[in-house]
Every structure is written in C-alpha cells, then in structure tokens.
Amino acid sequence: KNQVEQSPQSLIILEGKNCTLQCNYTVSPFSNLRWYKQDTGRGPVSLTIMTFSENTKSNGRYTATLDADTKQSSLHITASQLSDSASYICVVSEGNTDKLIFGTGTRLQVFP
Amino acid sequence: GAVVSQHPSRVICKSGTSVKIECRSLDFQATTMFWYRQFPKKSLMLMATSNEGSKATYEQGVEKDKFLINHASLTLSTLTVTSAHPEDSSFYICSAPRQGLFGYEQYFGPGTRLTVT
C-alpha cells in the first residue's frame, strides 16, 4: 500500500533555532516528492519539489533532501522565525498515475 | 500571487440546505481540478477529480449525489454539498495542476471553511 509517514507529529522550537522534519514513503513507482507549508485555515503552499535524481534542493531557509534508495526525505529549516509556525506536509506523486499521496503532516510551532 | 482562488472562504449554513463552493484557476487553464477535504489536525483527503467536459471521478467512500461537482469551464470547478449535515462541516480545498519545469505542479486554493449548524 502506498503510504507517506511523517515525523514528528508536532514540534516546538524557539525562534532562531534549526529543525529537521522527516518523511518516509512506500510509494512505488515514484515520480516526485514535494514539501508544502500549510498555515492554519489556508491552503498548502509549495516549498520544494524533488525528482528521483535530486538529492538536495534549497528554497531560502528551507532545504529538502531526498534519498530515493531508502525512500526518505527531510526538510531542514534554518534560523526559524515565528512565521514558520505551520503544518508541513510531505506529498509523494505516484509514478504511473501522478496521484498525490499525502503525509499526515508535522505541526511546527515556533515560540519567541 | 495566488493562482487558484476559492469562494467563499467561509460559509455557515443550516442543516438540510445546499452550499456551493467555487474553485478558479486565475491565469491558466485546467482541464482537471481536485477537491479535498481536511479535518482538524489531519492531512488532506482527496474526494474527487473534476474533469472539464466529463463526469467527475469520485474516490471510494465519497457520495457523488451528496457532493456534486461541475467543471463548468477550463478555469472553474464547483463543489456543491447537498442537504448538508453537521458532519459535513470541514475545510474544503481545491487544487489545479499547472505545467512547470519539473512536470505538473499542484496549486492549491486557500480553502473554504464550511460550518453546518
């Protein structure tokens, strides 16, 4: 069964600190993996999209990694800001159908 | 800027009434749009795929007669929740795929908060 699991479920950090969110998937065949940020009461906004051949991709303070062999991805947030408080969703696209498989999300709270 | 819009952003309705939610792609055409439902602190659940010019494709367990989908044009899809009940209260989100550098990128609307009293 195609699944995407994220950890931790929730995370609290102090402003200015770094953090790393994890995503493990069993989706096969794999097309691409995306990280989205979803503010409370809003739709998801894309942070990064990674294909099979990419290992690392950065978008400002966000850096995503992908290990297609172990089927793991991580999202590293550097120098966190209060506005980083949101849910971060890992989404994997199935290769044959392009169907999106959503992870359960990690809820990040950044406190001053 | 936003490339997918939804209207309304919030709606409160009485039990038994119907509610229509619009999803628009603002500067591109989308022959396919997707409708999701999201409960508090849960991830998005795909409800159906809206196809321009043909019937929508519903996911298993989603009642097609309760959640009517009409893809009226290449930039507009509507979701109508018929005979709404309190258990239909949820956050409804649409998305539309747009060709990008790495294939199709999904752009999500801002969501519609439905409360059925």
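Everything below is about the structure shown above.
Residues numbered from 1 in each chain as written. Chains lettered and ligands numbered in written order. Predicted model: local features only at pLDDT ≥ 70, side-chain atom pairs only at ≥ 80, totals over all residues. Heavy atoms only, no water.

Chemist: Quick question: what am I supposed to make of the state of the cysteines here?
Modeler: By definition, a disulfide links the sulfur atoms of two cysteines through a covalent bond. Residue and element names in this part refer to chain A. Applying the stated rule across the entire model yields two disulfides over all chains. Sulfur-sulfur distance for the disulfide between Cys 23 and Cys 90 comes to 2.0 Å. The sign of the -65° torsion about the S-S bond sets the Cys 23-Cys 90 disulfide as left-handed. Of this pair, Cys 23 sits in strand β3 (residues 19-25) while Cys 90 sits in strand β9 (residues 86-94); the two residues are 67 residues apart in sequence, bridging distant segments of the chain. (Disulfide = S-S within 2.5 Å. Helix = DSSP H or I, 4+ residues; strand = E, 2+ residues; numbered from the N terminus.)

Chemist: It is not clear to me how the environment of A:Lys99 should be interpreted in this structure. Could you clarify?
Modeler: Following the sequence through the fold, A:Lys99 ends up in the loop between β9 and β10 (100-102). For A:Lys99, a relative accessible area of 37% corresponds to the partly exposed category. A:Lys99 sits 15 residues away from A:Asp84 along the chain, and the two C-alpha atoms are 28 Å apart. Once you skip the residues sitting within four places of it in the chain, A:Lys99 turns out to touch A:Val92, A:Ser93, A:Glu94, B:Leu46 and B:Glu59. (Buried < 20%, exposed > 50% of the residue type's maximum accessible area, 1.4 Å probe, protein only. Contact = heavy atoms within 4.5 Å.)

Chemist: It is not clear to me how the pattern of salt bridges should be interpreted in this structure. Could you clarify?
Modeler: Where charged atoms from two side chains of opposite charge come close, those side chains can pair. Residues and elements named next belong to chain B. Summed over the entire model, instances satisfying the criterion amount to seven salt bridges over all chains. For the salt bridge of Glu 22 with Arg 24, the shortest nitrogen-to-oxygen distance reads 3.5 Å. A relative accessible area of 35% means that Arg 24 is categorised as partly exposed. A salt bridge links Asp 27 to Arg 98, with the shortest nitrogen-to-oxygen separation between them at 3.5 Å. Within this pair, whereas Asp 27 is found in the loop between β3 (19-25) and β4 (32-38), its partner Arg 98 is found in strand β9 (residues 90-100), the two being separated by 71 residues in sequence. (Salt bridge = Lys/Arg side-chain N within 4 Å of Asp/Glu carboxyl O.)

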